[in-house]
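So you can see what is in the structure, the chains are spelled out below.
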Amino acid sequence: EFEKIKKGHDKQLLNLEDLAQLLDLTKLPRRIEGYDISHLQGTNAVASQVVFIDGVPSKNDYRKYKIKDPSISIGHSDDYLSIKEVIKRRFKRWSKYKSEGGSFEFLSSVKKSKLDLINISDWPDLIMIDGGKGQLNSAYKALEELHLEKDVVLCSLAKKNEEIYIPGLSKPLNTDMNQKGVMLLRRLRDEAHRFALSFHRNKRSRRMNRSQLTQIPGLGSSRIKVLLEHFNSVDAIMTASKKELMMVKGFGINTANDIFNYFNSE
């Protein structure tokens, strides 16, 4: 078992070494973050942040983002704007840390501890954006506005030919899609895509279920909110009895009958 673990560790080490050489990094990228955007024609736009530590997924460090920009809506999607928003939200506190005199060289040399007042363990050695030159430029602009463009190592991976882009170069790096470092980025990209798509589908499903409640006579937005706070899900409301529905604060027999009949009528 020890030999098996060691073999896996050595394999990941080779992947990281190849990636460091490929991107001309001064040290092995221990923590790598991958970002992707998911939506359906602009609706329910979300983003994912996945994390690989020492070449292995660290799911406790994954994060989800709901895109907040009001210009992104039904029929109007903007992956560039979404990427920029997410990167700014992710690194906003690090921008503040730097403006207050914080040192990133100190962060990279200090021993990591979960007991520290600031979570120094989530400073990435590399971030990868799912996409091409446009997505990369959007992320870079976000870092520029935060004055972190020289502190964060950034790249993007385009799907079409598995091309890697880095800031300052108009053309992709000269790589082989089957070399170890590229394959590591591909695994990161695929995981970011999977996680974003899963979050998007769940969000879309919850929104569709919630929209059912708006079809029930007498249920406005405030009463729907009370109803969901009481039952926690639309599925629970659908299976509730009239007696259980009447236990909701402010709901009487007539409202309970309307809700029950909506979900249980032939």
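Details of the structure are given in the entry above.
Residues numbered from 1 in each chain as written. Predicted model: local features only at pLDDT ≥ 70, side-chain atom pairs only at ≥ 80, totals over all residues. Heavy atoms only, no water.

Caption draft 1: Highlighting the overall build of the chain. Scanning the chain from terminus to terminus reveals nine helices and seven strands. Looking at the chain as a whole, 41% of its 266 residues are labelled buried. For the chain, long-range pairs separated by at least 24 residues make up 60% of all intrachain contacts whose partners lie at least 6 apart in sequence. When the accessible surface of the chain is split by element, carbon and sulfur atoms take 51% of a total near 15700 Å². (Helix = DSSP H or I, 4+ residues; strand = E, 2+ residues; numbered from the N terminus. Buried < 20%, exposed > 50% of the residue type's maximum accessible area, 1.4 Å probe, protein only. Contact = heavy atoms within 4.5 Å. Areas by Shrake-Rupley, 256 points an atom, 1.4 Å probe, with all protein chains shown as cover.)

Caption draft 2: Summary view of the packing of helix α2 (residues 79–99) against helix α4 (residues 133–145). Interaxial distance between α2 and α4 falls to 8 Å at its minimum, and their mutual angle equals 35 degrees. The handedness of the crossing between α2 and α4 comes out as right-handed. Across the interface between the two elements, Tyr80, Ile83, Lys84, Ile87, Lys88 and Phe91 of α2 pack against Gly134, Gln135, Ser138, Ala139, Lys141, Ala142, Leu143 and Glu145 of α4. (Axes fitted to C-alpha atoms, helices over the stretch in contact; angles between N-to-C directions. Left-handed = near helix turned anticlockwise from the far one by under 90°.)

Caption draft 3: Inspection of the environment of Gln12 at higher detail. Along the chain, the position of Gln12 falls in helix α1 (residues 2–22). Among the residues examined, Gln12 registers a relative accessible area of 16% and is labelled buried. Note: C-alpha distance between Gln12 and Asp54 (42 residues apart in sequence) is 6.8 Å. Setting aside its immediate chain neighbours within four residues, Gln12 contacts Asp54, Gly55, Val56, Leu184 and Arg187.

Caption draft 4: The side chain of Glu191, seen in detail. The topology assignment puts Glu191 in helix α5 (residues 180–213). Under the relative-accessibility criterion, Glu191 is labelled buried at 13%. In contact with Glu191, not counting residues within four places along its chain, are Val50, Phe52, Lys59 and Tyr62.

Caption draft 5: Seen up close, the pairing of strand β6 (residues 154–158). Across the five residues that make up β6, a large majority, five, are buried. Alternating residues of β6 divide into Leu154, Ser156 and Ala158 and Cys155 and Leu157, and every residue in both groups is buried. Bridge analysis of strand β5 (residues 126–130) against β6 gives four bridges, and the strand direction is parallel. By the bridge assignment for β6, Ile127 is matched with Leu154. As a crossover connection, the stretch from β5 through α4 into β6 is right-handed. Between β6 and the antiparallel strand that follows it, strand β7 (residues 163–165), lie four residues; Glu162 among them carries a positive phi value of about 55 degrees. (Pairing = 2+ DSSP bridges. Right-handed = clockwise from strand over helix to strand, strands pointing away.)

Caption draft 6: Inspection of the packing of aromatic side chains at higher detail. Going through the model one piece at a time under the given rule, you end up with four aromatic pairs. Ring geometry for Trp94 and Tyr97: centres 5.4 Å apart, planes at 85 degrees, overall edge-to-face. Here Tyr97 and Trp94 lie together in helix α2, a separation of three residues that amounts to about one turn. On the basis of relative accessible area, Tyr97 is assigned to the buried category, the value being 18%. Aromatic ring contacts, followed pair by pair, group Phe91, Trp94, Tyr97 and Trp123 into a single cluster. (Phe/Tyr/Trp six-rings, centres within 6.5 Å; stacked < 30°, edge-to-face > 60°.)

Caption draft 7: Just the nonpolar core, in detail. Formed by 27 residues in total, the largest nonpolar core has its most connected members in Ile87, Phe91 and Leu148. Broken down by element, the residue count for this core peaks at six residues, all from α2. When near neighbours in sequence (up to four residues on either side) are disregarded, Phe91 contacts Glu33, Tyr35, Trp123, Pro124, Ile127, Leu143, Leu146, Leu148 and Val152. Core analysis: the second largest hydrophobic core is formed by 22 residues, Leu22, Val50, Tyr62 and Leu173 among them. (Core = buried A, V, L, I, M, F, W, Y, C linked by side-chain atoms within 4.5 Å.)

Caption draft 8: Expanded view of a positive patch on the surface. On the surface, Lys7, Lys11, Lys180 and Arg187 cluster together into a positively charged patch. Elements supplying a minimum of two residues to the positive patch: α1 and α5. Following the sequence through the fold, Arg187 ends up in helix α5. (Patch = residues over 30% accessible without salt bridge, like charges linked within 9 Å, V, L, I, M, F, W, Y side chains within 5 Å. Salt bridge = Lys/Arg side-chain N within 4 Å of Asp/Glu carboxyl O. Lys, Arg positive; Asp, Glu negative; His and termini not counted. Charge placed at Lys NZ, Arg CZ, Asp CG, Glu CD.)

Caption draft 9: Quick look at the environment of Glu163. Tracing the backbone through its elements, the reader meets Glu163 in strand β7. Looking at Glu163, the relative accessible area reads 25%, which means it is partly exposed. Between the C-alpha atom of Glu163 and that of Met177, which follows or precedes it by 14 residues, the distance is 7.8 Å. What Glu163 contacts, discounting residues up to four positions off in sequence, is Ser156, Leu157, Ala158 and Pro172.

Caption draft 10: Local environment of unusual backbone geometry. At Asp54, a position not held by glycine, the phi torsion is positive, near 55 degrees. Of note, Asp54 is situated in the loop between β2 (43–53) and β3 (56–57).

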